[in-house]
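Observations on chain architecture
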Amino acid sequence: MQFPIFIFKFSIICNKEVYIMPEGACCFEILSFQAGQLFWKKHPVQSPLIFVGLTKIRHPQAGQKNVLGKTTIQVVRDDFKIQAEVSLENYVQSVLASELPADTPLEALKAVSVAIRTYALKFQDRHRSEGFDLCDLTHCQVYGALVRDPIYRRAVQATQHKI
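First, a word on scope: everything that follows refers to the structure included in this document. (Residues numbered from 1 in each chain as written. Predicted model: local features only at pLDDT ≥ 70, side-chain atom pairs only at ≥ 80, totals over all residues. Heavy atoms only, no water.)

1. Some remarks on the overall build of the protein
Rules: A helix here means a DSSP run of H or I that spans at least four residues, while a strand means a run of E at least two residues long, and both kinds are numbered starting from the N terminus. Partly exposed describes any residue whose relative accessible area lies between the buried limit of under 20% and the exposed limit of over 50%, with all areas from a 1.4 Å probe on protein chains only and scaled to the type maximum. The criterion used for residue contact is that any of the two residues' heavy atoms lie within 4.5 Å. Charge convention: Lys and Arg are scored as positive, Asp and Glu as negative, and His as well as the terminal groups of each chain are ignored. By convention, charge coordinates are those of NZ in Lys, CZ in Arg, CG in Asp, or CD in Glu.
Across its full length, the protein carries 3 helices and 9 strands. Listing the helices and strands of the protein from first to last along the sequence gives β-β-β-β-β-β-β-β-α-α-β-α. Based on the C-alpha atoms only, the size of the protein along its principal axes is roughly 50 × 35 × 25 Å. Sorting the 163 residues of the protein into buried and exposed places 43% on the buried side. Excluding contacts between residues fewer than 6 apart, the proportion of contacts in the protein whose partners are at least 24 apart in sequence is 61%. Each charge class in the protein was averaged separately, 19 positive and 15 negative side chains, and the resulting centres sit 1 Å apart.

What follows is the structure in structure tokens.
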């Protein structure tokens, strides 16, 4: 069975700006829009703006999301449309790190990894009519944690492709 690359929409309540730290950067930079025009570091840029690798997205009210994949940002009407394309296994790691603490026993993390993967595959078309697969909220599964502890990777790798 071939597992898909998921496209996620991030739910960011927008005040016309977010803070972005692309891979390799040392600090967050302001991404804003005005009258349908994107501005990166206060300079106009073409929409969409695409980042590849680890991208950190921070918003004062929505918190921080971390994407390991391809992040596309564009203005749609009066809001940011932020979508991320990530592999299923990276998705499972991020959801696992968002849902459970690192001191959870490995066997429990493995069981939840299988449940996360199964749920993602079962509901992967939940938002198809909106142009993406899953959202990052509890409506689908909470996504966005930066996977720091290797126990999450071990749990996901031990159950890779299991549903």
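2. Some points on helix H1 (residues 88-99)
Stated formally: Residue count minus one, scaled by 1.5 Å, sets the expected span of a helix.
Here H1 contains 12 residues, and its C-alpha end-to-end distance of 16 Å stays within 8% of the 16 Å for a straight helix at 1.5 Å per residue. By the criterion of burial, H1 is predominantly enclosed, with 9 of the 12 residues buried. Along H1, the residues that are buried comprise Leu88, Glu89, Tyr91, Val92, Gln93, Ser94, Val95, Leu96 and Ala97.

3. Observations regarding the environment of Ala35
With respect to the helices, strands and loops of the structure, Ala35 is situated in the loop between strand E3 (29-34) and strand E4 (37-40). Separated by 43 residues in sequence, Ala35 and Asp78 place their C-alpha atoms 8.1 Å apart.

4. Focus on the side chain of Gln93
Residue position: Gln93 is located in helix H1. With residues up to four places along the chain from it excluded, the contact list for Gln93 reads Val147, Tyr152, Arg153 and Val156.

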